[in-house]
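So you can see what is in the structure, the chains are spelled out below.
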Amino acid sequence: MRPRPLTATRGRASREGEPVDIGADDSSRHRCAPSPPQPVTMRAVTAHSVTATLRAMSLERPIVLAIETSCDDTACAIVDGAGRVLASSVSSQLAAHRPYGGVVPEIASREHLANWPAVASAALGPLGLAPADADLVAATRGPGLVGALLVGLSMGKALAYGLGKPFYGVHHLEGHLWSPFLATGGAPAAAPPGRFVALVVSGGHTAIYDVVDGAVTTLAETRDDAVGEVFDKLGKRLGLAYPQGPRVDELAERGDGAREPLPVPRVEGELFFSYSGLKSAAIRRLEALERAGLVVDPTDPPAPVLDLLAAFRAAAVAQLVSRLERLHRSRPFALLAVSGGVAANRLLRREITAWAADRGVDLRLVPLGYSGDNAAMIAFAALLRHRRGEPGDAFTVEAESRIPFG
Ligand code: ADP
Ligand code: MG
């Protein structure tokens, strides 16, 4: 296996200024008008009272304040020196973008600005902390939408500069990669070993990395679509609302994937993923069902569609497991860390757990609360860099839509 350089993009917004497809009417995709004011709805807030936390355990320094605004989630988190997630708040902008059929970069940036005070208060308020209590400040620097990234990155840099604290500009994938070591319920993070293998599966990435003392090398990546992207695209074809992946997963639970399985592409020589063939095969089968007169109600799909979704999910997950198996056979590894939005997939969690138990691999599956985009993972990545003795980044660090990784 030859490690290959990777130019990473996040989500489906690789070209600046173009909306990211979120599954609504395509005809309106390129309109870019200001969105009406939206109430800030928190997708997730976890905050433990600092008094209660202090009573139960002693917090460790440094306290890290992190910001993530790389796409359409505005997120803030506070993590202590032991990697305890003291607070993590995430606000989604779906309502603001849905009328345009995609994430409109201009609107995403404005929404981040508008939502940040509420998101920051949701994280800091219950802890009774102020930004000045942070010892380190971190923010995602990319990859992602540059305008959206700039909001969080600029706020992070300004906070750190104003407070005289070190600043860490974190790669979004670096955040995902270490997230399986985070614990829930305010418990300390596990100490990552010196060497492990990481599988990152999300809407924009499908990759296996070799991690040695913090240095990351790509072992395999997708040659076409990312696995989360094909869940979303098939779900969109069915008429489901974005993000379709979790709903496809739910519906697949009710189907029988063994009735008519879909193939898993084999690899010879170099290790890689490929998902566009599976996407096309699943859509072709759906079209055949429709031609045969099947009416597909996305709120309650008929049994043949549930079977198709189950077959699709089984093939998608089997491809991930087959690559891990091949890698393990050629070069056994002791610990596997699985992260990214698709790591929430029920079948993936079951199959990878069974595979790892069978092979005696120590499996770290990202806790469900940290599988999608969040700032706790950004804080933890910064904390690990700090622990490795990295002093932080210069304030000249820039937001970038693509940043090589691994
Ligand atoms: P990115 O940062 O690359 O946009 P995230 O890490 O936020 O991606 O993950 C979002 C992706 O994860 C979406 O494609 C979404 O559909 C997918 N996803 C979330 N939950 C599930 C699930 N249970 N099954 C399959 N895909 C899922
Ligand atoms: Mg992500």
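Rules of the game
Residues numbered from 1 in each chain as written. Chains lettered and ligands numbered in written order. Predicted model: local features only at pLDDT ≥ 70, side-chain atom pairs only at ≥ 80, totals over all residues. Helix = DSSP H or I, 4+ residues; strand = E, 2+ residues; numbered from the N terminus. Buried ≥ 20, exposed ≤ 12 C-beta atoms within 10 Å, placed from the backbone. Contact = placed C-beta atoms within 7 Å. Near = placed C-beta within 6 Å. Nonpolar A, V, L, I, M, F, W, Y, C, P; charged D, E, K, R; others polar. Domains from an automatic or database assignment. Core = buried A, V, L, I, M, F, W, Y, C linked by C-beta atoms within 7 Å. Axes fitted to C-alpha atoms, helices over the stretch in contact; angles between N-to-C directions. Parallel < 35°, antiparallel > 145°, perpendicular 65-115°, else oblique. Left-handed = near helix turned anticlockwise from the far one by under 90°. pLDDT = per-residue confidence, 0-100. Pairing = 2+ DSSP bridges. Expected span 1.5 Å × (residues − 1). Right-handed = clockwise from strand over helix to strand, strands pointing away.

### Observations concerning the overall build of the chain
Per the secondary structure count, the chain includes 11 helices and 15 strands. Classification of the 406 residues of the chain by burial places 50% in the buried group. Residue pairs in contact within the chain that sit at least 24 positions apart in sequence constitute 79% of those at least 6 positions apart.

### Thoughts on the site of ligand 1
Contacts to ligand 1 come from 22 residues, most closely from Gly203, Gly204, Gly228, Gly245 and Gly341. Mapped by element, the contributors of at least two residues to the shell around ligand 1 are α6 (227-238) and α7 (244-252). Examining the composition of the shell around ligand 1, we find that 4 residues originate from one element, α7, more than from any other. Split by residue class, the shell around ligand 1 holds 6 nonpolar, 12 polar and 4 charged. Both domain 1 (9-184 + 371-404) and domain 2 (195-366) contribute no fewer than three residues apiece to the shell around ligand 1.

### With respect to the nonpolar core
With 114 residues, the main nonpolar core has Ala66, Ala77 and Ala379 as its most contacted residues. For this core, the element with the most residues is helix α9 (residues 303-330), which contributes 13 residues. When residues of this core are assigned to domains, at least three map to each of domain 1 (9-184 + 371-404) and domain 2 (195-366). Ignoring sequence-local partners within four residues, the contact set of Ala66 consists of Ala77, Val79, Ala138, Ala139, Ala375, Ile378, Ala379 and Ala382.

### Topic: the packing of α6 against helix α8 (residues 276-291)
Across the interface, α6 lies against α8 with an axial gap of 10 Å and an inter-helix angle of 15°. In this view, α6 runs roughly parallel relative to α8, as classed from their interaxial angle. With respect to the hand of their crossing, α6 and α8 are arranged in right-handed fashion. Where α6 abuts α8, its residues Val230, Lys233, Leu234 and Arg237 lie against Leu278, Lys279, Ala282, Ile283 and Leu286. Broken down by class, the residue content of the contact of α6 with α8 amounts to 6 nonpolar, no polar and 3 charged.

### Notes on unusual backbone geometry
Residue Pro62 follows Arg61 across a cis peptide bond; omega there is 5°. Relative to the elements of secondary structure, Pro62 occurs in the loop between α1 (50-56) and β4 (64-68). Pro143 follows Gly142 through a cis peptide bond whose omega is -5°. Among the structural elements, Pro143 can be located in the loop between β8 (136-142) and α4 (146-163). In this model, Asp213 sits at a positive phi of 50°, which is unusual for a non-glycine residue. Mapping Asp213 onto the fold places it in the loop between β11 (206-212) and β12 (215-221). Under the C-beta neighbour-count criterion, Asp213 is labelled exposed, with 9 such atoms within 10 Å.

### Let's talk about the confidence of the model for the chain
Scored by pLDDT, the chain has a mean of 88; 86% of the residues are at 70 or more. Mean pLDDT per element in the chain: strand β1 (residues 7-8) is the minimum at 32, and strand β13 (residues 335-339) is the maximum at 99. Within the model, pLDDT remains below 50 along residues 1-38, and this stretch shows 89 contacts once partners closer than five positions in the same chain are excluded.

### Remarks on the pairing of β12
Working note: regular strand, side chains alternate between the two faces of the sheet. As paired strands, β11 and β12 are joined by 6 bridges and run antiparallel to one another. Across the sheet, Ala207 pairs through a bridge with Glu221, a residue of β12. Hairpin connection, β11 to β12: the antiparallel pair is bridged by 2 residues, and Asp213 has positive phi, about 50°.

### Focus: the environment of Arg329
Structurally, Arg329 can be placed in helix α9. Taking the number of C-beta atoms within 10 Å as the measure of exposure, Arg329 has 9 and is therefore exposed.

### A few points about α6
The terminal C-alpha atoms of α6, which comprises 12 residues, lie 17 Å apart, in line with the 16 Å expected from a rise of 1.5 Å per residue. By the criterion of burial, α6 is predominantly enclosed, with 11 of the 12 residues buried. Three or more residues of α6 are buried, namely Val227, Gly228, Glu229, Val230, Phe231, Asp232, Lys233, Leu234, Gly235, Lys236 and Leu238. Elements that come into contact with the buried residues of α6 comprise β10 (195-201), β11, α7, α8 and α9. Positive backbone phi, at 95°, marks Gly239, one or two positions downstream of α6.

### Observations concerning the pairing of strand β9 (residues 167-171)
Among the 5 residues of β9, 5 are classified as buried, and the element is accordingly described as predominantly covered. What you see with β9 is no split at all: Phe167, Gly169 and His171 on one side and Tyr168 and Val170 on the other are buried throughout. Note that β8 and β9 share 5 bridges and pair parallel. Across the sheet, residue Ala138 finds its bridge partner in β9, namely Tyr168. Read as a crossover between parallel neighbours, the route from β8 over α4 to β9 is right-handed.

### Focus on the packing of α9 against helix α10 (residues 346-359)
Relative to each other, α9 and α10 sit at 25°, their axes nearing to 10 Å. Of the possible angle classes, the one that applies to α9 and α10 is roughly parallel. When the axes of α9 and α10 are compared, the crossing they make is right-handed. Contacts from Arg313, Ala314, Val317, Leu320, Val321, Leu324, Glu325 and His328 in α9 reach Leu347, Leu348, Glu351, Ile352, Trp355 and Arg359 in α10.

### A closer look at the sheet that holds β13
Strand order across the open sheet formed by 5 strands is β12-β11-β10-β13-β14, with mixed pairing between neighbours. Edge positions in the sheet fall to β12 and β14 (362-365), since each of these pairs with one other strand and no more. Between one strand axis and the next, the sheet turns by 20° as a mean value, whatever way the strands run. With 7 bridges connecting them, β10 and β11 associate as antiparallel partners. If you follow Val201 over to β11, its bridge partner there is Thr206. The strands that α9 touches are β10, β11, β12 and β13; relative to β10, the one it contacts most, it runs at about 160°.

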